[in-house]
Amino acid sequence: GYSQGFLFIVQVGFVYALYLTFAEARSGDRLRALAMLGGGGGLALGLVSAQLLPTLEHAAAATRDLDGLRFSQAALYSLQLKPIVEALSGRGHGVLGLPALFVPLALVGLIGRHCRREAWFFLALFVIALDFMRGGFGTIFPLYFQLPYGNVFRIPLRIGFVTGFASAVLIGIGAGTLIDWLGRWPRVAALAAVVLVLGVAADQFVRNAPRVAFDALVRPTMVFEPPDLAVASEEWGRDRFFLAGTAGHRAFGQVHRRFMLGSYEPLLPGLYGEFFGIPPNMIWHGQLYVRPSRQARRDRPRSIAQSPKLLDLLSVRYYADLRPGGSRGFARIVGAPGSARGSIRVHERATAVPRVYVAHELTPASSFENALEIARSPALDPLRAPVVERSVEALGAERLGANEGAEFVGYEPNRVAVQARCETDCLLVLTDLYDPNWTVTVDGDEVELLRVNAIVRGVRLPAGAHDVVFRYFPNSIRIGLGLSVLSALLALALVLRSRRASA
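The notes below deal with the structure included here. From a predicted model like this one, the values you see are computed outputs, not experimental measurements.

## What to know about the sheet that holds strand β1 (residues 240–244)
Logical step 1: With respect to topology, four strands assemble into an open sheet ordered β1-β4-β6-β5, the strand pairing being mixed. The open sheet terminates on both sides in strands that have one partner only, identified here as β1 and β5 (338–341). On average, each strand axis in the sheet is inclined to that of its neighbour by 30°, with strand direction left out of account.
Logical step 2: Pairing analysis gives five bridges linking β1 to strand β4 (residues 316–321), with the strands arranged parallel. Among the inter-strand pairings, R240 is bridged to a residue of β4, identified as V316.

Below you can see the structure in the form of structure tokens.
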């Protein structure tokens, strides 16, 4: 949503810059103005490249990737005619809570001499944004959907801030025109200005003021932090957990830096979808299934149900059921009885693998698809013989020795440090998501990163004690940082040149 809003701001700003170029610049200066506009846009892109390039790389590999949505998905929550009529007649609230004086003041601005041309431009912008918010019922959104990457975002109502901005400018122009008409009577004009400002502000406040302040600030425990869940999850350390029976706390792990599996669907890497067999564009609601659309339920009524055995491979040891009293049959699904922890019920699954461990046997797989098939097989024992996608030489022993194992010595978002001990050659498994941008070093020497159990990371180790470090620093960040630094230097050079020219 924030990315979508930012994109709309950039696009509307570009349209306004084009308008100013042709409406305000002299004919002989327009080419120069267009060149400056293009150069400024390129410089802006360069400055944000350090964040833009990694973001695009992440989005391309996410559950909802850059291939886009179907039109019906993109056009969700379109605006109907009734709220538009109510807004223009002074009875609107919410996204179109226009002041009652909007229409008369806009008309005054259109017929007056005070910024009349700008008034017509912002009226056109207002009408276009209003039609865009109509989604599939309008004309603009279907055309926008056909543009490159116009199908990536959804909910056309999110452009509503443009109608609010354009209407505010129209009200300002109309009020300025009205005050100009009263210029012969300065005191009357000043009083009219005060009345208009206070009247419009009070009208807007009454229409749009929330009944309470934003929930995340006033009632954080109802949004992200059930107290019993916060306490329990702190005790679970680095073991992963899964929330069942709720869609409202899916940001809990991100906000509180806990190891929770599942999140807001567009942020999840697409590899999750392949691993769990999630059909494209179905939203993970933080339960033991992915909630499909009605059509999907009709087409595949038994689809999407997740086996906790797959979650075992990702070290999901705890299942927190936030439903009052828990759900019947949930203990049977998880395969573990639950215990009450205040307002929540916690089920611990002993078969979940540790976050980091070593093994001496391997189950070879010929491809990613073959690895997925084996990983889903009930016969797989991931602790004894995890799946490796490529040909790896046989390891040294069949069973772990008493002094063998692995433990974390450092854990950061972009760096994970592990100490491992093996009496013979072994495989170290880290149940964090595999990505080719991760690199791994053993005792300071870079070695090959392996994809294990179709979805997590691994590395082959020789006998002995070793310091293993996984690092994440993709080329998109390196290139982006380079472009941002060059753009910053170019901007500085332009500023210095401009100062010398004006001196």
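Further notes follow.
## Comments concerning the packing of aromatic side chains
Logical step 1: The final tally for this structure, using the stated rule, is 22 aromatic pairs.
Logical step 2: With a centroid separation of 5.5 Å and 80° between ring planes, the pair formed by F8 and F132 is classed as edge-to-face. Of this pair, F8 sits in helix α1 (residues 2–23) while F132 sits in helix α7 (residues 116–133), placing them 124 residues apart in sequence.
Logical step 3: Taking relative accessible area as the criterion, F8 reaches 3% and is therefore assigned buried.
Logical step 4: Relative to F252, the ring of F241 lies with its centre 6.1 Å away and its plane at 75°, an arrangement referred to as edge-to-face. Placement of the pair is F241 in strand β1 and F252 in helix α14 (residues 252–256), with a sequence separation of eleven residues.
Logical step 5: An aromatic cluster is built from F8, F71, F132, F141, Y144 and F145, whose rings are joined through pairwise contacts.
Logical step 6: Its end group placed over the ring of W438, R457 keeps NZ or CZ at 3.7 Å from the ring centre.

## Description of the packing of helix α3 (residues 49–60) against helix α20 (residues 475–502)
Logical step 1: Across the interface, α3 lies against α20 with an axial gap of 7 Å and an inter-helix angle of 155°. Taken together, the axis directions place α3 and α20 in an arrangement best described as roughly antiparallel. Viewed along their axes, α3 and α20 form a crossing whose handedness is right-handed. Contact residues: α3 offers S49, A50, L53, P54 and E57, while α20 offers S476, I477, I479, G480, L481, L483 and S484.
Logical step 2: Across the contact of α3 with α20, the residue classes tally to seven nonpolar, four polar and one charged.

## Here we look at the pairing of strand β10 (residues 405–412)
Logical step 1: Note that β10 and strand β11 (residues 415–422) share seven bridges and pair antiparallel. Within the sheet, the bridge partner assigned to E412 lies in β11 and is R415.
Logical step 2: Counting the residues that bridge the hairpin from β10 to β11 gives two residues.

## A closer look at the state of the cysteines
Logical step 1: A full pass over the atoms with the stated rule returns one disulfide.
Logical step 2: The residue that forms a disulfide with C422 is C426, at a sulfur-sulfur distance of 1.8 Å. In this structure the cystine formed by C422 and C426 twists about its S-S bond by roughly 65°; its chirality is therefore right-handed. Note on accessibility: C422 and C426 belong to one class, buried.

## Things to note about the environment of L182
Logical step 1: Of note, L182 is situated in the loop between α9 (160–181) and α10 (186–208).
Logical step 2: Distance from L182 to A192, taken between C-alpha atoms, is 8.6 Å for residues ten residues apart in sequence.
Logical step 3: Non-local contacts of L182, meaning those with residues more than four positions away in its chain, are made with V188, A189 and A192.

## Overview of the environment of T439
Logical step 1: Of note, T439 is situated in strand β13 (residues 438–442).
Logical step 2: Along the sequence, T439 and F473 sit 34 residues apart, while their C-alpha atoms lie 8.2 Å from each other.
Logical step 3: Setting aside residues no more than four positions away along its own chain, T439 makes contact with E446, V469, F470 and R471.

## Focus on the packing of α1 against α7
Logical step 1: The contact between α1 and α7 brings their axes to 12 Å, and the two run at 150°. The angle between α1 and α7 places the two elements in the roughly antiparallel class. Handedness of the crossing formed by α1 with α7: right-handed. Here α1 contributes F8, V12, V15, Y16, Y19 and A23 to the contact with α7, which in turn contributes R117, E118, F121, F122, L125 and F132.

## With respect to the side chain of S233
Logical step 1: Position of S233 relative to the elements: it lies in helix α13 (residues 227–235).
Logical step 2: By relative accessible area, which is 2% here, S233 ends up buried.
Logical step 3: At 3.2 Å, the side chain of S233 and the backbone oxygen of A230 are in polar contact.
Logical step 4: If we skip the residues at most four places from it in the chain, S233 touches F241, F252 and R258.

## Considering α1
For an α-helix the count is 3.6 residues per turn, leaving residues at separations of three or four pointing the same way.
Logical step 1: The terminal C-alpha atoms of α1 lie 31 Å apart, and with 22 residues this matches the ideal 32 Å at 1.5 Å per residue to within 8%.
Logical step 2: Among the residues of α1, Q4, G5, F8, V12, Y19, T21 and A23 are the ones counted as buried.

## What to know about α9
Logical step 1: The end-to-end C-alpha distance of α9 is 32 Å, a good match for the 32 Å that 22 residues give at a rise of 1.5 Å each.
Logical step 2: Of the residues making up α9, those classed as buried are G160, V162, T163, A166, S167, L170, I171, I173, G174, A175, G176 and T177.
Logical step 3: Summarising the contacts, the buried residues of α9 are in contact with α1, α6 (102–111), α7 and α10.

Parameters and conventions
- All chains use their own residue numbering, which begins from 1 and follows the written sequence.
- This being a predicted model, a pLDDT of at least 70 is required before a residue's local features are given, and a value of 80 or more before pairs of side-chain atoms are given or counted; all residues contribute to the totals for chains, interfaces and linings.
- With hydrogens and water set aside, each side-chain value is computed from the structure's full complement of heavy atoms.
- In this description, strands pair whenever DSSP reports at least two bridges between them.
- A run of H or I in DSSP counts as a helix once it spans at least four residues, and a run of E counts as a strand once it spans at least two, with each numbered from the N terminus.
- A fitted line through C-alpha atoms represents every axis, and for helices the fit uses only the stretch in contact; the resulting angles, taken between N-to-C directions, go from 0 to 180 degrees.
- Note on aromatic pairs: the rings of Phe, Tyr and Trp (six-membered ring only in Trp) are paired at centre separations within 6.5 Å, and the planes decide the class, stacked below 30 degrees, edge-to-face beyond 60, tilted for the rest.
- When a residue's accessible area, from a 1.4 Å probe over protein chains only, is under 20% of the maximum for its type it is buried; when over 50% it is exposed; and in between it is partly exposed.
- A ring is considered to have a charge above it if a Lys NZ or an Arg CZ atom is located within 6 Å of its centre and within 35 degrees of its normal.
- Here is the rule for angles: anything less than 35 degrees is roughly parallel, anything more than 145 is roughly antiparallel, 65 through 115 is roughly perpendicular, and the remaining ranges are oblique.
- Note on convention: the crossing is left-handed when the near helix lies turned anticlockwise from the far helix by less than a right angle, right-handed when the turn is clockwise.
- Residue contacts follow a heavy-atom distance rule, with two residues in contact if any of their heavy atoms lie within 4.5 Å.
- Gly falls in the polar group here, along with every residue not listed as nonpolar (Ala, Val, Leu, Ile, Met, Phe, Trp, Tyr, Cys, Pro) or charged (Asp, Glu, Lys, Arg).
- A pair of sulfur atoms, both from cysteines and within 2.5 Å, is called a disulfide here.
- Nitrogen and oxygen atoms within 3.5 Å of one another constitute a polar contact, given that in protein one can donate a hydrogen and the other can accept it, and given that sequence-neighbouring residues count only through two side-chain atoms.
- By this rule the span expected of a helix is its residue count minus one, scaled by 1.5 Å.

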